[in-house]
Amino acid sequence: MNIAMFLKPKVEVEYLYDDFTVRQALEKMCHHGYTAIPVITRSGKYYSTIREGDLLWYIVDGENTESAMEKIDIRSLEDVYIRDIIEENRNPPVRITEPVEQLFERALNQNYVPVIDDMDSFIGIITRRDILKILFKKYTGKE
């Protein structure tokens, strides 16, 4: 079994650039209903994953509020970039050439696993759901 058989290619994946603002991240995640989304650089390299909790904690603890109970001025979120509130490589990717066992190990702790090529460019994701669907079909013969 090969990692490529699980891959959802980059063209089918929603992602953010690391120079997007917190507001842009919130809008895209809300629009698509995602709880986590890959972040890449403008050169196409995988940067990290941003989670809704990152955004929530930034808003609650960030410089833009004195208290979590204050009303947030959404315009202030246009001045902060994603790369400034998340750590790089927190949701480590797998290389497309790695053994499938490495993919399974990562999928135990992540909803999706980012996939990179040999040049460290982001080429897509593999969701835990897709892994389970393929394994279910393989072992039960059912769709």
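Caption draft 1: View of the overall build of the protein chain. Within the protein chain one finds four helices and seven strands. In terms of overall dimensions, the protein chain has a C-alpha envelope of 55 × 35 × 25 Å along the principal axes. Counting all 143 residues of the protein chain, 38% fall into the buried class. Summed over all atoms, the accessible surface of the protein chain reaches about 8,700 Å², with 50% contributed by carbon and sulfur. For the protein chain, the distance from the average site of its 19 positive side-chain charges to the average site of its 25 negative ones is 8 Å.

Caption draft 2: The arrangement of the environment of Leu 56 in detail. Summarising the element assignment, Leu 56 is placed in helix H2 (residues 52–61). Under the relative-accessibility criterion, Leu 56 is labelled partly exposed at 49%. Considered as a pair, Leu 56 and Gly 124 are 68 residues apart in the sequence and their alpha carbons are 26 Å apart.

Caption draft 3: Layout of the layout of surface pockets. In this structure, the largest pocket encloses a volume near 300 Å³. Contributing to the lining of the largest pocket are 13 residues, with Tyr 34, Ala 36, Tyr 112, Ile 125 and Thr 127 lying nearest its centre. Looking at the lining of the largest pocket, the elements with two or more residues in it are strand E3 (36–40) and strand E7 (122–127). Broken down by class, the residue content of the lining of the largest pocket amounts to seven nonpolar, three polar and three charged.

Caption draft 4: Spatial organisation of the pattern of salt bridges. Per the counting criterion, the structure on display carries seven salt bridges. Between Arg 83 and Asp 18 there is a salt bridge, with its nearest N and O atoms 3.6 Å apart. Here the residue Arg 83 occupies a position in the loop between H2 and strand E5 (94–95), and Asp 18 occupies one in the loop between strand E2 (16–17) and helix H1 (22–32), the gap between them amounting to 65 residues. The class of Arg 83 is partly exposed, set by a relative accessible area of 33%. A residue is classified by how much of its surface remains accessible, and Asp 18, at 10% relative accessible area, is buried. Ionic pairing is found between Glu 78 and Arg 23, a salt bridge with its closest N-O pair at 2.3 Å. Taken together, the positions of Glu 78 in the loop between H2 and E5 and Arg 23 in helix H1 put the pair 55 residues apart, joining distant regions of the chain. Ionic contacts of the salt-bridge type, sharing partners, join the residues Arg 23, Glu 27 and Glu 78 into one network.

Caption draft 5: Focus on the sheet that holds strand E6 (residues 112–116). Spatial strand order, E1-E7-E6-E5: four strands in an open sheet with mixed pairing. Sheet topology places strand E1 (8–9) and E5 at the edges, where each strand pairs with a single neighbour. Summarising the sheet, E1 and E7 pair through two bridges and their orientation is antiparallel. Directly across from Lys 8, in E7, lies its bridge partner Ile 125. On the sheet, helix H4 (residues 128–140) packs against E1, E6 and E7 and is oriented at approximately 60 degrees with respect to E7.

The rules behind each value
- Residue numbers run consecutively from 1 along every chain, following the written order of its sequence.
- Given that the model is predicted, a residue must reach a pLDDT of at least 70 before its local features are reported, and side-chain atom pairs must reach 80 or more before they are shown or counted; all residues, however, enter totals for whole chains, interfaces and linings.
- Side-chain calculation: all heavy atoms of the structure are included, whereas hydrogens and water are not.
- Each helix is a run of H or I in the DSSP string that is no shorter than four residues. Each strand is a run of E no shorter than two, and both are numbered from the N terminus.
- Buried, partly exposed and exposed residues are distinguished by accessible area as a fraction of the type maximum, computed with a 1.4 Å probe on protein chains only: under 20%, between the cut-offs, and over 50%, respectively.
- Surface accessibility in these figures is a Shrake-Rupley result with a 1.4 Å probe; residues are shielded only by whichever protein chains are displayed.
- Here Asp and Glu are counted as negative and Lys and Arg as positive; His is not counted, and neither are the chain ends.
- Note on charges: their place is set at NZ of Lys, CZ of Arg, CG of Asp or CD of Glu.
- A cavity here means a set of points on a 1 Å grid, drawn over the protein atoms and nothing else, where a 1.4 Å probe fits but cannot get out; a pocket is an open set with protein on both sides within 12 Å along at least five of seven lines, and a residue lines either one if it has an atom within 4 Å of a point.
- Grid points are joined across faces, edges and corners, and a volume is the space filled by probe spheres set on the points.
- Only Asp, Glu, Lys and Arg are considered charged, only Ala, Val, Leu, Ile, Met, Phe, Trp, Tyr, Cys and Pro nonpolar, and every remaining residue, Gly among them, polar.
- Salt bridges are identified by distance alone: a Lys or Arg side-chain nitrogen within 4 Å of an Asp or Glu carboxyl oxygen.
- In short, DSSP must find at least two bridges between two strands for them to pair.
- Residue contacts are defined here by distance: any two heavy atoms, one from each residue, within 4.5 Å place the two residues in contact.
- Only the stretch in contact is used when fitting a helix axis, every axis being a line fitted to C-alpha atoms; angles between N-to-C directions are given from 0 to 180 degrees.

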